Amino acid sequence: KTTSGQACFDHVKDLAKMKQETLIRSVLIAIVVLTIAILASWGLAVLVIRQISVLSGKINVMANKRDLTQSLSTVTNDEIGEMVSRLMVLIADIRQVFNQTHHFAEGSQHLITELSNSATHISEQTASGVRQVSDIYEYASAIRQKAEASANTVTLMQEEVEQNIEQLKVMK
């Protein structure tokens, strides 16, 4: 009975050790997964902010110079890339309109006056559109700043709650 009892005790002891090892592994895996998630989120945020900053810089140059000959490009297939693609289609359409306007203007003096007025109108609309895109970017930047401020506030509140919990523990 002693050997059988010892074997049973050893088996229970081995099971407890395996349970403890499994728990440690699970905690380590959770830490690794959480770390990867945090790093991936940070990397994604940096990538998005960088893309927006680059795009904003190019749009600002276009808006400031009123130069539609520059092209915008992105290497991503996300919403930002889609927005750039649509904007480039719009700019290409505008460029095409300018080219057609110039072609017709060469053919007829009468059309030159009419098309010149049309081109001016289109140019004003384009400049207005570029300003609107610039305003949207500024608005997005303001939102990003508010989000960062909110994140900082949440962190401070979390630290304050943790301090209050510690104070309550000490008071008990």
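Here's a quick rundown of the structure.

Criteria and cut-off values
- Residues numbered from 1 in each chain as written.
- Predicted model: local features only at pLDDT ≥ 70, side-chain atom pairs only at ≥ 80, totals over all residues.
- Heavy atoms only, no water.
- Helix = DSSP H or I, 4+ residues; strand = E, 2+ residues; numbered from the N terminus.
- Rg over C-alpha atoms; globule rule 2.2 N^0.38 Å.
- Buried < 20%, exposed > 50% of the residue type's maximum accessible area, 1.4 Å probe, protein only.
- Contact = heavy atoms within 4.5 Å.
- Areas by Shrake-Rupley, 256 points an atom, 1.4 Å probe, with all protein chains shown as cover.
- Patch = residues over 30% accessible without salt bridge, like charges linked within 9 Å, V, L, I, M, F, W, Y side chains within 5 Å.
- Salt bridge = Lys/Arg side-chain N within 4 Å of Asp/Glu carboxyl O.
- Core = buried A, V, L, I, M, F, W, Y, C linked by side-chain atoms within 4.5 Å.

**Details of the overall build of the chain**
Then comes step 1: Of the regular secondary structure elements, the chain holds three helices and zero strands.
Then comes step 2: Going residue by residue from the N terminus, the α and β elements of the chain occur as α-α-α.
Then comes step 3: The globule rule puts the C-alpha radius of gyration for 172 residues at 16 Å, and the 32 Å found for the chain is more than 25% above it.
Then comes step 4: Dimensions along the principal axes, computed over C-alpha positions, put the chain at roughly 115 × 45 × 15 Å.
Then comes step 5: A total of 172 residues make up the chain; the buried ones form 15% of that total.
Then comes step 6: For the chain, contacts bridging at least 24 residues in sequence account for 56% of all contacts bridging at least 6.
Then comes step 7: Split by element, the accessible area of the chain, about 13,600 Å² in all, is 63% carbon and sulfur.

**Describing the side chain of Thr 126**
Then comes step 1: If you trace the backbone, Thr 126 turns up in helix α3 (residues 109-171).
Then comes step 2: When sequence neighbours within four positions are dropped, the list of residues in contact with Thr 126 reads Leu 68 and Ile 94.

**So, a nonpolar patch on the surface**
Then comes step 1: Taken together, the side chains of Leu 23, Ile 24, Val 27, Leu 28 and Ile 31 define a hydrophobic patch exposed on the protein surface, amounting to about 460 Å² of accessible area.
Then comes step 2: By relative accessible area, Ile 31 is classed as partly exposed at 47%.

**Some thoughts on the nonpolar core**
Then comes step 1: Counting 13 residues, the largest nonpolar core has Leu 55, Ile 59, Leu 72, Val 84 and Ile 91 as its most contacted members.
Then comes step 2: Mapped onto this core, the elements with two or more residues apiece are α1 (2-65) and α2 (79-107).
Then comes step 3: The element contributing the most residues to this core is α2, with six residues.
Then comes step 4: Excluding anything up to four places from it in sequence, Ile 91 contacts Met 62 and Leu 68.

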